[in-house]
Amino acid sequence: MVAVPVTIGRRPAPAPAVPTPSAVPTVPTAPNAPSEPLTDRFGRVHRDLRISLTDRCSLRCTYCMPEQGNEWLSRSSVLTTDEIVTVARAAAAAGITTFRLTGGEPLLRPDVVDVVARLAALRGPDGAGAQVAMTTNGIRLPEVLDALVAAGLARLNISLDTLDREKFAALTRRDRLDDVLRGVAAAQRSGLRPLKLNAVAMRGVNDGELVDLVEFAVAHDAQLRFIEQMPLDAGHTWDRSAMVTREEILASLERRWTLRPIPGRGGAPAERWRLLEGRGEAARDTGHTVGVIASVTAPFCGACDRLRLTADGQLRSCLFATDETDLVGVLRGTVGGDGSSRTPDGERQAAVDARLRVCLAGKRAGHGIDDPGFLQPARGMNAIGG
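Predicted model only: the values in this text are computed from it and were never measured.

A. Fine view of the pattern of salt bridges. All told, the structure shown has 20 salt bridges when counted by the stated rule. Ionic pairing is found between Arg306 and Asp305, a salt bridge with its closest N-O pair at 3.1 Å. When salt bridges that share partners are traced, they join Arg165, Asp175 and Asp178 into one network.

B. Inspection of the pairing of strand S10 (residues 271–277) at higher detail. With four bridges connecting them, strand S9 (residues 258–261) and S10 associate as antiparallel partners. Along S10, the bridge assignment pairs Thr258 with Leu276. Note: S10 against strand S11 (residues 284–293), six bridges, orientation antiparallel. In the strand pairing of S11, Trp273 is matched with Val290. Taking the residues that link successive antiparallel strands as the turn, the S10-S11 hairpin has six residues, and the phi of Gly278 there is positive, at about 90°.

C. Molecular detail of the sheet that holds strand S13 (residues 314–316). Judged by pairing direction, the sheet is mixed, and its twelve strands sit side by side in the order S9-S10-S11-S8-S7-S6-S5-S4-S2-S12-S13-S14 without closing on themselves. Each of the sheet's edge strands pairs with one partner strand only, and the pair in question is S9 and strand S14 (325–326). Summarising the sheet, strand S4 (residues 98–102) and strand S5 (residues 131–136) pair through four bridges and their orientation is parallel. Directly across from Leu101, in S5, lies its bridge partner Met134.

D. Quick peek at the pairing of strand S12 (residues 306–309). Both faces of S12 are covered, namely the face carrying Arg306 and Arg308 and the face carrying Leu307 and Leu309. Note that strand S2 (residues 48–52) and S12 share four bridges and pair parallel. The residue bridging Leu49 from the neighbouring strand is Leu307, located in S12. Hairpin connection between S12 and S13: a loop of four residues separates the two successive antiparallel strands, and Gly313 in this loop has a positive phi of roughly 80°.

E. View of helix H4 (residues 165–172). Of all the residues in H4, the buried ones are Phe168, Leu171 and Thr172. End-on view of H4: buried residues confined to an arc of 80°, all on one side of the axis. Turned more than 90 degrees off the buried face of H4, the exposed positions are Glu166 and Ala170. Its buried side turned inward, H4 meets helix H5 (177–190). The N-cap residue of H4 is Asp164: its side-chain oxygen and the backbone nitrogen of Glu166 are 3.0 Å apart. Directly after H4, the chain includes Arg173, whose backbone phi takes a positive value near 60°.

Reading the values: the criteria
- Residues numbered from 1 in each chain as written.
- Predicted model: local features only at pLDDT ≥ 70, side-chain atom pairs only at ≥ 80, totals over all residues.
- Heavy atoms only, no water.
- Salt bridge = Lys/Arg side-chain N within 4 Å of Asp/Glu carboxyl O.
- Pairing = 2+ DSSP bridges.
- Helix = DSSP H or I, 4+ residues; strand = E, 2+ residues; numbered from the N terminus.
- Buried < 20%, exposed > 50% of the residue type's maximum accessible area, 1.4 Å probe, protein only.
- Arc of directions from axis to C-beta.
- Contact = heavy atoms within 4.5 Å.
- Polar contact = N/O pair within 3.5 Å; in protein donor to acceptor, adjacent residues only side chain to side chain.

Remember, this is a structural readout, not a statement about activity or role.
Below you can see the structure in the form of structure tokens.
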């Protein structure tokens with residue numbers, strides 16, 4: 001495996017839509033000076049920024065990345081913590097209220113605790129602090145979770161697709177199930193709530209243990225969220241006919257529980273149901289819930305409020321976007337046009353704000369998976385950030 005200072009996938013060529021230094025809009029120069037909300041041309045107000053900390057991972061899940069031959073980003077290509085905070089500060093000033101840290105595996109980043117602390121310290125226009133969440137495979141949680149919570153981590157999602165050791169090893173190409181389970185146990189003890197477990201439902205892999213996964217989550221005071229498998233694998237082998245659908249997931253669960261829909265989803269990606277024991281009027285609310293993220297069969301694009309920042313400084317308006325908006329130039333001192341690394345903070349924040357809006361201007365109404373002309377993103381999931 002080699003490290004090269006380039007983006008995995010297609011980096012867009014410079015486009016006229018990206019503001020030149022003279023076209024960068026003027027904003028107040030205070031570090032957290034408020035700007036207009038991040039609203040796209042469909043009226044969707046954006047409040048969530050997904051930040052990928054690394055493209056590297058301790059697992060090799062088949063639906064995400066190949067086992068070998070990965071072309072990793074070099075260290076010089078990955079944004080520094082200062083650069084991440086610069087982007088996050090501009091985003092917070094524009095109304096972003098949640099920063100979700102992803103990867104790859106975000107806990108592989110050596111300064112992850114510092115990243116959490118600095119993001120948690122940011123304030124929005126109303127003075128409220130940012131909420132910092134994380135999606136992880138859980139392997140390093142026992143050694144770092146206490147420090148993350150002390151730094152300000154507010155919410156946690158752990159990926160767990162199977163409880164079967166052989167299936168786990170085949171799916172992830174690593175024998176690390178015990179490590180993940182220890183991470184789940186550490187999260188349960190931490191008191192972070194809601195604690196969520198994410199499972200990608202796959203035909204012939206884990207579709208026979210959907211109920212077992214929910215019961216495991218309930219036993220650990222967690223919410224299980226099933227995710228329809230999406231066309232984001234690095235090998236581009238996704239087959240819709242092999243996907244376990246929302247309706248199939250619900251039918252499987254309804255053989256064990258009565259499911260009561262929970263209204264008021266808003267912009268959340270998951271539909272949720274309460275788990276009831278028994279049937280009819282005698283059904284008893286267990287106090288637990290289950291969710292389904294049906295990105296393929298029941299897309300929620302109309303309420304999407306998310307933007308994504310890749311580990312190498314590219315903004316993406318959608319998980320399935322085929323173009324990106326580059327932030328590296330403004331973050332590394334070229335916004336002034338002279339290559340200077342001493343660009344004033346106010347000017348840099350204005351330039352980041354402008355590019356956030358350029359990215360949003362190109363956001364489509366939906367991901368278009370069902371369109372005949374749909375193209376899978378060139379990057380794999382690990383390089384985009386979940």
